[in-house]
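# Fold and geometry: a report
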Amino acid sequence: MNTTFGKIYQAMDWITKFAYVNVLWILFTLTGGVILGFYPATIAMFALVRDWLRGKTDLAVWKTFWNYYKRDFIKSNLLGLFLNLLFIFIAIDIYYIQTNENDQLAWTYIPLFAFMLLVVLYLFYIFPSFVHFDLKLAPLLKNTFLIMIISPVHSFLMVLSLISIFFIMRALPALFFIFGGTVYASITTWLSLDAFRRIEKRKNST
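Read on for a plain summary of the structure.

Rules of the game
- Residues numbered from 1 in each chain as written.
- Predicted model: local features only at pLDDT ≥ 70, side-chain atom pairs only at ≥ 80, totals over all residues.
- Heavy atoms only, no water.
- Helix = DSSP H or I, 4+ residues; strand = E, 2+ residues; numbered from the N terminus.
- Buried < 20%, exposed > 50% of the residue type's maximum accessible area, 1.4 Å probe, protein only.
- Areas by Shrake-Rupley, 256 points an atom, 1.4 Å probe, with all protein chains shown as cover.
- Lys, Arg positive; Asp, Glu negative; His and termini not counted.
- Charge placed at Lys NZ, Arg CZ, Asp CG, Glu CD.
- 1 Å grid on protein atoms, 1.4 Å probe; cavity = no way out; pocket = protein on both sides within 12 Å on 5 of 7 lines; lining within 4 Å.
- Points joined across faces, edges and corners; volume = space filled by probe spheres on them.
- Nonpolar A, V, L, I, M, F, W, Y, C, P; charged D, E, K, R; others polar.
- Phe/Tyr/Trp six-rings, centres within 6.5 Å; stacked < 30°, edge-to-face > 60°.
- Lys NZ or Arg CZ within 6 Å of the ring centre and 35° of its normal.
- Contact = heavy atoms within 4.5 Å.
- Axes fitted to C-alpha atoms, helices over the stretch in contact; angles between N-to-C directions.
- Parallel < 35°, antiparallel > 145°, perpendicular 65-115°, else oblique.
- Patch = residues over 30% accessible without salt bridge, like charges linked within 9 Å, V, L, I, M, F, W, Y side chains within 5 Å.
- Salt bridge = Lys/Arg side-chain N within 4 Å of Asp/Glu carboxyl O.
- Expected span 1.5 Å × (residues − 1).
- Bend = angle between axes of the 7 residues up to and from the residue.

### A word on the overall build of the protein
A tally of regular secondary structure across the protein gives eight helices and zero strands. Along the chain direction, N to C, the helices and strands of the protein fall in the order α-α-α-α-α-α-α-α. Counting every position in the protein, which comprises 206 residues, the buried fraction comes to 39%. Of the roughly 12,700 Å² of accessible surface on the protein, 71% is carried by carbon and sulfur atoms. Charge separation in the protein, taken as the distance between the mean sites of 17 positive and 10 negative side-chain charges, equals 10 Å.

### Here's the deal with the layout of surface pockets
There is about 360 Å³ of room inside the largest pocket. The wall of the largest pocket is formed by 16 residues, among which W25, F176, G180, G181 and Y184 lie closest to the centre. Of all the secondary structure elements, the ones that give two or more residues to the lining of the largest pocket are α2 (38-53), α7 (152-171) and α8 (173-205). For the lining of the largest pocket, the residue count by class is twelve nonpolar, three polar and one charged.

### Some thoughts on the packing of aromatic side chains
As enumerated under the stated definition, the model contains 19 aromatic pairs in all. Ring centres of W25 and F38 lie 6.2 Å apart, and the angle between their planes is 55°; this geometry places the pair in the tilted category. Pair noted here: W25 is in helix α1 (residues 2-31) and F38 is in helix α2, with a separation of 13 residues, a long-range link. Look at W25 and you get buried, because its relative accessible area is 19%. Relative to F65, the ring of F28 has its centre 5.0 Å away and its plane inclined at 50°; by these criteria the two rings are tilted. One end of the pair, F28, is in helix α1; the other, F65, is in helix α3 (residues 61-71), and 37 residues separate them in sequence. Comparing F28 with F65 shows no difference in burial state: the two are buried. Above the plane of the ring of W14 lies K17, whose end atom (NZ or CZ) is 4.6 Å from the centre. The aromatic ring of F130 is capped on one face by K75, whose charged end is 4.8 Å from the ring centroid.

### Examining the side chain of T64
For T64, the location among the structural elements is in helix α3. Classification of T64 by relative accessible area gives buried; the value is 13%. Discounting chain neighbours no more than four positions away, the residues touching T64 are L48, D51 and L59.

### A look at the packing of α7 against α8
As a packed pair, α7 and α8 sit with axes 10 Å apart at the nearest point and diverge in direction by 170°. Compared by their axis directions, α7 and α8 come out roughly antiparallel. Here the residues of the contact of α7 with α8 are counted per class, giving 16 nonpolar, five polar and three charged.

### Quick word on a nonpolar patch on the surface
Residues I74, L78, L81, L85, I88 and I92 make up a contiguous nonpolar surface patch of roughly 610 Å² in combined accessible area. Tracing the chain through its elements places I74 in helix α4 (residues 73-99). The exposure class of I74 is exposed, given its relative accessible area of 63%.

### Let's talk about helix α5 (residues 109-132)
Taking 1.5 Å per residue, 24 residues should reach 34 Å; α5 reaches 35 Å between its end C-alpha atoms and fits that length. Along α5, the largest kink reaches about 30° and is centred on L123.

### Some details on the pattern of salt bridges
Counted under the stated rule, the structure contains four salt bridges. Put simply, D13 and K17 hold a salt bridge, and the shortest N to O gap is 3.8 Å. Linking D13 with K17, this pair stays in helix α1, spanning four residues, or about one helical turn. In this structure, the salt-bridge partner of D72 is R71, at a minimum N-O distance of 3.1 Å.

Interpretation in functional terms is not warranted from these geometric data alone.
Take a look at the structure:
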C-alpha cells in the first residue's frame, strides 16, 4: 500500500513540476516582451529538463529557471535571430510561390519542402545542443547540423513521438497549455541526449 501511494505521489509531483515549468516558460516569455523573452525562456526550460534527465531532480525550480534565463539571455537571443531568419526565408519563399503559382513554378515546392523538413529536424536538436554543449554560437550551429545528419533514427523517433503527442493534445487542448512546452522539451532532450552519448561513444572507440 505504501509503495502504491509513493508511486502516486511521485507521479503527481512530476505532473506538478511539468505544469509549473510550462507556466514559467510562458511567463518569462511574456516578461521579455515575447520577442526577447521566448528564446531565453525556452533555453531555461530545456536546461532544467536536461538537469532532470541527468538525475538532478531536487533542484529549486524557480531559482534554477531564473538563473538559466539570465545566464543565456544574450546568447539565446542571438540563436533566436538566426532561427528567425530561417523562418523569414521560408515565409518569403512560400509567399512568392503562392503569389506566382503556375505549372512552371510547381517544381520549386520540392526543394522548399525539403528545406522546411531540415529546419524542423534542426529545431529538434538545436535547443538540447545549446544546453548540453559549452560552445560559441557558430560551432554550436554547425555541430547541431552534423548531429542531426548522423542521427536519422533519433529524428524518426522524435517525429513519431511528437505526432502521437500532437493527436493526444488535439483531443484534449487543455493539455497543450498545461504541459505542451515541457513535454516537447522532455521528448527532444531525452532522445538528443541518447544521440549525444552514442556519438561520444563512437568517438572514443575510434
